[in-house]
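Letter by letter, the chains look like this.
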There are 4 protein chains.
Amino acid sequence: DRRDFSSSRPSPVVPATGRSINSSPKSILIVNKLRTQPVIMAIDAFLEHVHSTYPGVRVFHEDRPDIPHGAEVWTGAHSQPIDLVVTLGGDGTILHASSLFSAGAVPPVLSFSMGTLGFLLPFHMDDFAKALESVYRGKATILNRMRLACTFYNPELVKIGKDNDDWQVMNEVALHRGSSPHLNTIDIFVDGQHLTEAVSDGLIVSTPTGSTAYSLSAGGPIVHPSLSALVLTPICPRSLSFRPLVFPASSVITLRIGDRSRSPAGVSMDGRTSHILNPGESVNIQASPYPVPCINRSSIAEEPQNVEGAGPGKEDDWVRDINNLLQYNATFRSKALLRHSRT
Amino acid sequence: DRRDFSSSRPSPVVPATGRSINSSPKSILIVNKLRTQPVIMAIDAFLEHVHSTYPGVRVFHEDRPDIPHGAEVWTGAHSQPIDLVVTLGGDGTILHASSLFSAGAVPPVLSFSMGTLGFLLPFHMDDFAKALESVYRGKATILNRMRLACTFYNPELVKIGKDNDDWQVMNEVALHRGSSPHLNTIDIFVDGQHLTEAVSDGLIVSTPTGSTAYSLSAGGPIVHPSLSALVLTPICPRSLSFRPLVFPASSVITLRIGDRSRSPAGVSMDGRTSHILNPGESVNIQASPYPVPCINRSSIAEEPQNVEGAGPGKEDDWVRDINNLLQYNATFRSKALLRHSRT
Amino acid sequence: DRRDFSSSRPSPVVPATGRSINSSPKSILIVNKLRTQPVIMAIDAFLEHVHSTYPGVRVFHEDRPDIPHGAEVWTGAHSQPIDLVVTLGGDGTILHASSLFSAGAVPPVLSFSMGTLGFLLPFHMDDFAKALESVYRGKATILNRMRLACTFYNPELVKIGKDNDDWQVMNEVALHRGSSPHLNTIDIFVDGQHLTEAVSDGLIVSTPTGSTAYSLSAGGPIVHPSLSALVLTPICPRSLSFRPLVFPASSVITLRIGDRSRSPAGVSMDGRTSHILNPGESVNIQASPYPVPCINRSSIAEEPQNVEGAGPGKEDDWVRDINNLLQYNATFRSKALLRHSRT
Amino acid sequence: DRRDFSSSRPSPVVPATGRSINSSPKSILIVNKLRTQPVIMAIDAFLEHVHSTYPGVRVFHEDRPDIPHGAEVWTGAHSQPIDLVVTLGGDGTILHASSLFSAGAVPPVLSFSMGTLGFLLPFHMDDFAKALESVYRGKATILNRMRLACTFYNPELVKIGKDNDDWQVMNEVALHRGSSPHLNTIDIFVDGQHLTEAVSDGLIVSTPTGSTAYSLSAGGPIVHPSLSALVLTPICPRSLSFRPLVFPASSVITLRIGDRSRSPAGVSMDGRTSHILNPGESVNIQASPYPVPCINRSSIAEEPQNVEGAGPGKEDDWVRDINNLLQYNATFRSKALLRHSRT
Ligand SMILES: NC(=O)C1=CN([C@@H]2O[C@H](COP(=O)(O)OP(=O)(O)OC[C@H]3O[C@@H](n4cnc5c(N)ncnc54)[C@H](O)[C@@H]3O)[C@@H](O)[C@H]2O)C=CC1
Ligand SMILES: NC(=O)C1=CN([C@@H]2O[C@H](COP(=O)(O)OP(=O)(O)OC[C@H]3O[C@@H](n4cnc5c(N)ncnc54)[C@H](O)[C@@H]3O)[C@@H](O)[C@H]2O)C=CC1
Ligand SMILES: NC(=O)C1=CN([C@@H]2O[C@H](COP(=O)(O)OP(=O)(O)OC[C@H]3O[C@@H](n4cnc5c(N)ncnc54)[C@H](O)[C@@H]3O)[C@@H](O)[C@H]2O)C=CC1
Ligand SMILES: NC(=O)C1=CN([C@@H]2O[C@H](COP(=O)(O)OP(=O)(O)OC[C@H]3O[C@@H](n4cnc5c(N)ncnc54)[C@H](O)[C@@H]3O)[C@@H](O)[C@H]2O)C=CC1
């Protein structure tokens, strides 16, 4: 009865795919970053729909001046448990929702885009009624998107920050020289063993989810989100042989700014800047026990696709996304130049 | 109580690390490709050592004209079970040993290099007595190196070849246009879902073990061998957006030569050329239930290293190999140019 | 009065951009590879147009069974000089036209696509009358696309083949292991100096024109065709530090199959397979004195574009092509996923 | 009789290799950044040697508190012309020397390393007497290393800064989001024509000299320094199809921060941070008329090497450097793992 591929260390790795969410949510948290007219209108419509269709369900919103009418103020996971998170906006909105639950478990997340769909945005806002219905009818399936937990240490290996000050990221932790003109030097350890000294602009430790974000731009591979793995991608390394590395999710990666590093490293967590790490300081990164359970687009598929080889419900959102991404495929000729205007 | 990342399909994924091999081997198979003087002498010394130190143990060798004195002829896994495989030579020798057990389970493999050590070559031949002793004292730990099973289909989806004709590879399956001057077109399916159409020189589906072989040369990431994953790396794709992809080991990847492909694709399995796939023909690739259990170098470590953070027995051969590989690291300046002869 | 950046060796480098073609062509060579219905019809229309609009102009065609009505048989540059080459088809058709003039100077080339435009295909077939008119009115401007001249040597450095057997390529010379399963070893010399030993699938020496062809797929940079340069791009090299290199057009690159190379190398010239080079054999590659004068798309631009910063006539076809190629730009999200069908 | 590949615009491109420096230098400028004990001692020895061997030659030093004994204060190129620059230190020291002559022509530069040799460091300090002698005997040959001139504009296209405020760089101009968490959007124009909109961490416009610096880390090609070219390399672009581009040195590249860019861009010139460019602001980059004439290592070669195919004096420092860099070549196995300590 082994759970992961590793050692004796208790593993935080959780199953990536669950079958469905059984409970019917009693409390919903709406998360939005933008407050544009379309977003405001969409939230109003959503609230009205919930109140009329699912009476008794409470809808919450972060405590902000612009809290929508019909929503209650939410003051954190400790005070008011949430059964379902609904996000409206871009990928950054989900990243923000994840950050609201950085101390522990995350409720299932239903993500709506306001326009273009995306890797983290399975549903279009226009479909919210259908999506909600599939949740309440127990038909929603989830993808547990792995997160990373980070702990920071000073040069004496004393933890920086308070105890429950752990960070959880859904995309990546990125260390970067920022506006310092000089390269930094970072020692990389895997399970305590020295891997290499990196001289570069910085390093990214990414989840499979984050593999299509910053890590991809820096040259990393595209990793299926149901794989439990850590991706280490260097940013502009001086070494020509430093290639992206993929580790089991049971690995602990330690990044330590070299004592003679010419630059400190700014830390970005899912695109939010936090600490500066100075020479001698370090960060420990490992899989978090608290993934983000994301509701799949296939939850609202009308009927099972009979794609050869893929059983009912096997339709994979991600493969469809990558398919779109790789459309740019075939000879670029046939794609890029097709649109050439004739003279 | 299954915990892996897949569906209802029975999963062939096996734990990557086992603690040790308990049984004391009664039959040993020696595998070597080269028959140079040092190899001949090493085999003679090995045979003498086994016969004198472990009386009753039988030593076998492939049926070749040059079968070493003191070894018995081995005519296949069905006729004579083997408890331990000993390879002498380069990485290619282990790949060959793997191919000798392509129908089923592989016995533990103890691999000796004749010179430089390597990713697949944990031991130096000079250490054979010590390594053997650690096996017989039950101290050997293994890394189960995942293999891929391949099945070939004609355009009507009828299996090509006999039923037990399955191929098992340890590094990779590579499809390549070979000496045809034209690009080929290959449709890629993941679990039956169309991923993309690749126009390229070819495609590699690699194990984590193979990620440091051909896939790395083609631009793929370096994947830790204890991760259960498949790596798909395009070879010189026309599309600029086709990046290497990493899938869970539970995925089934289908590569189908496009009907209008301008070239067929030659199939290479661990570097051995086999079939030619013509337009319409396809290959199914998935994790094999039969990994190669490789005995770790750390098996003969004198005493536990007290590397900070890594418990006893946690010393990871692979990290050490990669560390060497990435030594080329830091600024290339300090490495490459150090050796500049002064004028 | 030095013309290039090099040594005393007489340089074949020619200016990349000429202003216009003055002479009014008296003999036109039609080049086509395909003989599909649209191509046949287009050729017929072209021939009719030439005969009626430019009486006295002779139109030639390669000596093939399917020579179009109204065209004369052409038996080579030595027997019948050509003032203008007209190609109909894809990029391969221009490469073929180039190969018809491998012994010496190439007449100006007017290239028509049958569908999608392309890097080597400035004009759409529907515009042939306008394009031809601009030539006869002396308004056509040309881009001299550099070619490479190749000479092959046996291990004793004796030239292989007859004296006027030189090859001229417009895209690239590629050496590749072909269907051999093993890597080959190639020694690279630049102006006689040893650069490195490459262990790889092969090597590409490309012109700037060819930088968007095979070299790009293998990871090479995109080079503006008016730069006089040679691009050396490795194909799947074992070395992680082997990056594409760009040399002045005055360089002579020598590729020599290593004496202990495990594979020979097949030679491809603009996609046509020619020799096999065995261990010890080599090829010398340098800029040819005979570029391909390609007529620019801007030749038929109605009036000078008033793009800010670009003077009249400065409109650059290539920048427009690259612009199209890089459209895939911005976040792939906004491009790739826009088309996501809603569920 | 024009020499470059371009249009009617007067070209600043200069020949990259000159034969020798005729004049015997009367004034020498010493440039050093570090003031470590070995550097101090080396400067003292150098000064003593010059004063005793070349009486009447004046030696200058930048006006700093630590001006060495025997050197005169130098207050700029306008006040005191310099015949020879001597640098002691790393590559950064030469970049600094270049910056001291950013308004106009640069005197020949003799560069000494204090330890490891390098791309910009042909001579070891121990050889200074020999190197100096070759200069005074008229035997020094130079490589004119191209520089880039940059001009900055506000959104109304009014030049930012004073008129003689032009910047000259030897390696590169880099635009980077710095410590802003968000990607920036930069519009790229070539000769006034829009090439693409880049969404990325930033962009590098590099000289061939700089192609082995930051641009290489970001994935750019290695360009021979005697080629007159500009290299445009994106830093972590979102677009997967954005590859490094190489332009003729006659091109003018304009980088303009997009009006809706989420981040400004910090400008780094040869590693020194200067301006911040805000949305709407832009920089024009083109080849400078003032290259850096660097004295070649081959200047002090005892006698012509008779390398096959390379005439006397043809020995190319750069090829030797790259050869060292690419030593990491062949299979990394044979290099990296050779040193494996046996267990
Ligand atoms: N050069 C680069 O590619 C950089 C990328 N980023 C990424 O931006 C993320 C933060 O996103 P925002 O707050 O929206 O900032 P943002 O508004 O700057 O957007 C970054 C872009 O990344 C996309 N993105 C985010 N997560 C993604 C994912 N998992 N897969 C595919 N695309 C994804 C977004 O849709 C957006 O196009 C960071 O976690 C980091 O991954 C941050 C800095 C530089
Ligand atoms: N361009 C390339 O990089 C190519 C690589 N290959 C690789 O060669 C393998 C066959 O090996 P051999 O029979 O020894 O042929 P070979 O004698 O041609 O050796 C190929 C090289 O790959 C190394 N290698 C093999 N497996 C490795 C691994 N798992 N990790 C790191 N290095 C590894 C070998 O030590 C040797 O240096 C194939 O499985 C394929 O991966 C095959 C063709 C081309
Ligand atoms: N993996 C790859 O990318 C390979 C590319 N090739 C290229 O194919 C060329 C021969 O072309 P065809 O006879 O048409 O064979 P083909 O019909 O196999 O076409 C190769 C593709 O390359 C395109 N192409 C050709 N020259 C180009 C250029 N200068 N810039 C951009 N795209 C270009 C063609 O339009 C076509 O899409 C060779 O010179 C070589 O460059 C050949 C083999 C493999
Ligand atoms: N991620 C990266 O690779 C980064 C590189 N740089 C480079 O650093 C340069 C400034 O150099 P320093 O003042 O010495 O700063 P530095 O002390 O931070 O050194 C940068 C490294 O680049 C090397 N270098 C500089 N110019 C080179 C050249 N032309 N070819 C090969 N190597 C070269 C230096 O020897 C040193 O190893 C910048 O012009 C930029 O090219 C700057 C920031 C990031």
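Residues numbered from 1 in each chain as written. Chains lettered and ligands numbered in written order. Predicted model: local features only at pLDDT ≥ 70, side-chain atom pairs only at ≥ 80, totals over all residues. Heavy atoms only, no water.

K.L.:
I'd like a description of the overall build of chain A, backed by residues and values.
P.N.:
For chain A, the count of helices and strands is six helices and 22 strands. Split by element, the accessible area of chain A, about 12500 Å² in all, is 52% carbon and sulfur. (Helix = DSSP H or I, 4+ residues; strand = E, 2+ residues; numbered from the N terminus. Areas by Shrake-Rupley, 256 points an atom, 1.4 Å probe, with all protein chains shown as cover.)

K.L.:
Got a sec to walk through the site of ligand 4? Specific residues and values, please.
P.N.:
Close contacts around ligand 4 come from 24 residues, with Arg 262 of chain A together with Asp 91, Glu 172, Thr 212 and Ser 217 of chain D the closest. Ligand 4 sits at the junction of chains A, B and D, each of which supplies nearby residues. At 3.1 Å from a nitrogen atom of ligand 4 is found a main-chain nitrogen or oxygen belonging to Cys 236 of chain A. Contact between ligand 4 and Thr 209 of chain D: a nitrogen atom at 3.1 Å from a main-chain N or O atom of the residue. With three residues, the single largest contributor to the shell around ligand 4 is helix α2 (residues 91-100) of chain D. (Near = heavy atom within 4 Å. Polar contact = N/O pair within 3.5 Å; in protein donor to acceptor, adjacent residues only side chain to side chain.)

K.L.:
With reference to specific residues and values, describe the sheet that holds strand β20 (residues 272-277) of chain A.
P.N.:
Within the open sheet, the seven strands sit side by side as β20(A)-β19(A)-β11(A)-β14(A)-β16(A)-β17(A)-β15(B). Their pairing is mixed. Every interior strand has two partners, whereas the edge strands, β20 of chain A together with β15 (222-223) of chain B, have only one. Bridging between strand β17 (residues 245-248) of chain A and β15 of chain B involves two bridges; their strand directions are parallel. Each bridged residue has a counterpart across the sheet, and for Leu 245 of chain A the counterpart in β15 of chain B is Ile 222 of chain B. (Pairing = 2+ DSSP bridges.)

K.L.:
Mind laying out the site of ligand 1, listing which residues take part and the relevant values?
P.N.:
For ligand 1, the set of nearby residues contains 24 residues, the closest of which are Asp 91, Glu 172, Thr 212 and Ser 217 of chain A together with Arg 262 of chain D. Neighbouring residues of ligand 1 are distributed over chains A, C and D. At a separation of 2.6 Å, an oxygen atom of ligand 1 approaches a polar side-chain atom of Asp 91 of chain A. A distance of 2.4 Å separates an oxygen atom of ligand 1 from a polar side-chain atom of Glu 172 of chain A. Burial of ligand 1 by the protein amounts to 91% of the accessible area it has alone, namely 780 Å². Among the secondary structure elements, those contributing two or more residues to the shell around ligand 1 are α2 (91-100) and α4 (214-217) of chain A. No other element matches the three residues that α2 of chain A contributes to the shell around ligand 1. When the residues that make up the shell around ligand 1 are grouped by side-chain class, the tally is eight nonpolar, eight polar and eight charged. (Nonpolar A, V, L, I, M, F, W, Y, C, P; charged D, E, K, R; others polar.)

K.L.:
Give me the interface of chain A and chain D: which residues, what numbers.
P.N.:
Note: interface size is frequently given as the accessible area lost on complex formation between the parts. Each partner contributes residues to the interface: chain A has 20 residues there, and chain D has 20 residues. Between chain A and chain D, a total of about 1600 Å² is buried, with carbon and sulfur atoms accounting for 54% of that surface. Counting every contact that joins chain A to chain D gives zero salt bridges. Where chain A packs against chain D, one counts 10 residue pairs in polar contact (both at pLDDT 80 or more). Element by element, the count of residues in the side of chain A that touches chain D is highest for α4 of chain A, at three residues. Residues belonging to the side of chain A that touches chain D are distributed by class as follows: 10 nonpolar, seven polar and three charged. (Contact = heavy atoms within 4.5 Å. Buried area = accessible area lost by both parts, 1.4 Å probe. Salt bridge = Lys/Arg side-chain N within 4 Å of Asp/Glu carboxyl O.)

K.L.:
Describe helix α3 (residues 128-136) of chain B, listing the residues and the values that go with them.
P.N.:
Residues and elements named next belong to chain B. Within α3, burial applies to Phe 128, Ala 131, Leu 132, Ser 134, Val 135 and Tyr 136. Where α3 is buried, its residues contact β2 (27-32), α1 (37-53), β5 (84-88), β6 (109-113), β7 (123-124) and β22 (292-295). Of the residues one or two after α3, Gly 138 is the one with positive phi, at around 70°. (Buried < 20%, exposed > 50% of the residue type's maximum accessible area, 1.4 Å probe, protein only.)

K.L.:
A description of the relation of the copies chain A and chain D should follow, citing residues and the corresponding values.
P.N.:
Once chain A is rotated about the relating axis by 180° and shifted along it by 0.0 Å, it coincides with chain D to within an RMSD of 0.0 Å. Such a turn and shift between the copies fits a two-fold axis. In terms of proximity to the rotation axis, the leading residue of chain A is Gly 178 of chain A, whose C-alpha is 2.2 Å off the axis. Most of the interface of chain A is mirrored in chain D: 100% of its interface residues are interface residues there too. (Least-squares fit on C-alpha atoms with pLDDT ≥ 70 in both.)

K.L.:
Help me get a handle on the packing of helix α1 (residues 37-53) of chain D against helix α3 (residues 128-136) of chain D, residues and values and all.
P.N.:
A pair of packed helices is characterised by two quantities: the angle between their axes and the separation of those axes. Residue and element names in this part refer to chain D. Closest axis-to-axis distance for the α1/α3 pair is 11 Å, and the angle between their directions is 40°. The angle between α1 and α3 falls in the class oblique. The interaxial crossing formed by α1 with α3 has right-handed handedness. On α3, the residues touching Ala 45, Phe 46, His 49 and Val 50 of α1 are Phe 128, Ala 129 and Leu 132. (Axes fitted to C-alpha atoms, helices over the stretch in contact; angles between N-to-C directions. Parallel < 35°, antiparallel > 145°, perpendicular 65-115°, else oblique. Left-handed = near helix turned anticlockwise from the far one by under 90°.)

K.L.:
Could you give me a rundown of the sheet that holds strand β15 (residues 222-223) of chain A, with the residues and numbers involved?
P.N.:
The mixed open sheet is built from seven strands, whose spatial order is β15(A)-β17(B)-β16(B)-β14(B)-β11(B)-β19(B)-β20(B). Two strands bound the open sheet, and with one partner strand each, they are β15 of chain A together with β20 (272-277) of chain B.

K.L.:
Please set out the pairing of β5 of chain B residue by residue, giving values where relevant.
P.N.:
Residues and elements named next belong to chain B. For β5, the tally of buried residues reaches five of five residues, placing the bulk of the element in the interior. Because side chains alternate across β5, one face comprises the buried residues Leu 84, Val 86 and Leu 88, and the other comprises Val 85 and Thr 87, equally buried. Bridge count between β2 and β5: five bridges; the pairing is parallel. Along β5, the bridge assignment pairs Asn 32 with Leu 88. Sheet analysis places β5 next to β6, joined by four bridges and oriented parallel. In the sheet register, Val 86 faces β6, and the bridge partner there is Leu 110. Between β5 and its parallel partner β6, the chain crosses via helix α2 (residues 91-100), and the hand of that crossover is right-handed. (Right-handed = clockwise from strand over helix to strand, strands pointing away.)

K.L.:
With reference to specific residues and values, describe the pattern of salt bridges.
P.N.:
On inspection of all chains with the given rule, the structure shows 28 salt bridges over all chains. Close ionic contact of Arg 177 of chain B with Asp 201 of chain B constitutes a salt bridge, the shortest N to O distance being 2.6 Å. Of this pair, Arg 177 of chain B sits in the loop between β11 (172-176) and β12 (184-190) while Asp 201 of chain B sits in the loop between β13 (193-200) and β14 (202-206), and the two are 24 residues apart along the sequence. Here Arg 177 of chain B and Asp 201 of chain B have matching classes, each one buried. Of the charged contacts, one joins Asp 66 of chain C and Arg 35 of chain C as a salt bridge, the two residues approaching to 3.5 Å between their closest N and O atoms. Of this pair, Asp 66 of chain C sits in the loop between β3 (58-62) and β4 (72-74) while Arg 35 of chain C sits in the loop between β2 (27-32) and α1 (37-53), and the two are 31 residues apart along the sequence.

K.L.:
Describe the packing of aromatic side chains, listing the residues and the values that go with them.
P.N.:
Inspection of the entire model under this criterion finds 20 aromatic pairs over all chains. Measuring from centroid to centroid gives 5.9 Å for Phe 112 of chain C and Phe 123 of chain C, while their planes differ by 50°, and the two rings are tilted. Placement of the pair is Phe 112 of chain C in strand β6 (residues 109-113) and Phe 123 of chain C in strand β7 (residues 123-124), with a sequence separation of 11 residues. Relative accessible area serves as the criterion here: at 0%, Phe 123 of chain C is assigned to the buried category. Arranged with centres 6.0 Å apart and planes meeting at 85°, the rings of Phe 247 of chain C and Trp 318 of chain D form a pair that is edge-to-face. Residue Phe 247 of chain C is found in strand β17 (residues 245-248), and its partner Trp 318 of chain D is found in helix α5 (residues 317-326); the two belong to separate chains. We classify Phe 247 of chain C as buried; its relative accessible area is 0%. (Phe/Tyr/Trp six-rings, centres within 6.5 Å; stacked < 30°, edge-to-face > 60°.)

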